[in-house]
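Structural overview for review
One letter stands for each residue in the lines below.
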Amino acid sequence: MRKLTELEIKKALKTLDGWVLKEGKLCSEFVFEDFKAAFAAMTEIALHAEEIQHHPEWCNVYNKLEIHLFTHDIQGLSMLDIQLATVINAMGRNYKVKRIAPETVNASLFPCSK
């Protein structure tokens, strides 16, 4: 597994609706109808993440889910991050979800980010 170049990341971001690069990580935030829908989506994402052995950093508060993707083994972004973001976007179509680009969010859900 190799670290993506800046050019590869910029190219990938053009295809990843709702994702931005923030502090070296791919980040997005989702707002669901309720907690049950958010938890169902997290479960679906978790099952796929386990299949590919690449797990997101995420934080859930009621109906909000903030996701950060990063490949810790290489201290950067890899194709696994792009693949997981693509799958998450596809799964998001199964839920009534509102996307919020992280650059527009005033406060991160992650306690350590505050």
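Up top you'll find the structure we're talking about.
The structure reproduced in this document is the subject of the present report. (Residues numbered from 1 in each chain as written. Predicted model: local features only at pLDDT ≥ 70, side-chain atom pairs only at ≥ 80, totals over all residues. Heavy atoms only, no water.)

1. Topic: the pattern of salt bridges
In total, this model carries 2 salt bridges according to the counting rule given. Among the salt bridges present, the one from Glu57 reaches Lys25, with a minimum N-O distance of 2.8 Å. Taken together, the residues Glu57 in strand S3 (residues 57-61) and Lys25 in strand S2 (residues 25-32) connect sequence positions 32 residues apart. (Salt bridge = Lys/Arg side-chain N within 4 Å of Asp/Glu carboxyl O. Helix = DSSP H or I, 4+ residues; strand = E, 2+ residues; numbered from the N terminus.)

2. Quick notes on the side chain of His48
By the secondary structure assignment, His48 is in helix H2 (residues 35-52). Judged by its relative accessible area of 15%, His48 falls in the buried class. In this view, His48 contacts Gln83, Leu84, Val87 and Met91; residues no more than four positions away in its chain are not counted. (Buried < 20%, exposed > 50% of the residue type's maximum accessible area, 1.4 Å probe, protein only. Contact = heavy atoms within 4.5 Å.)

So yeah, pure geometry; function would need other evidence.
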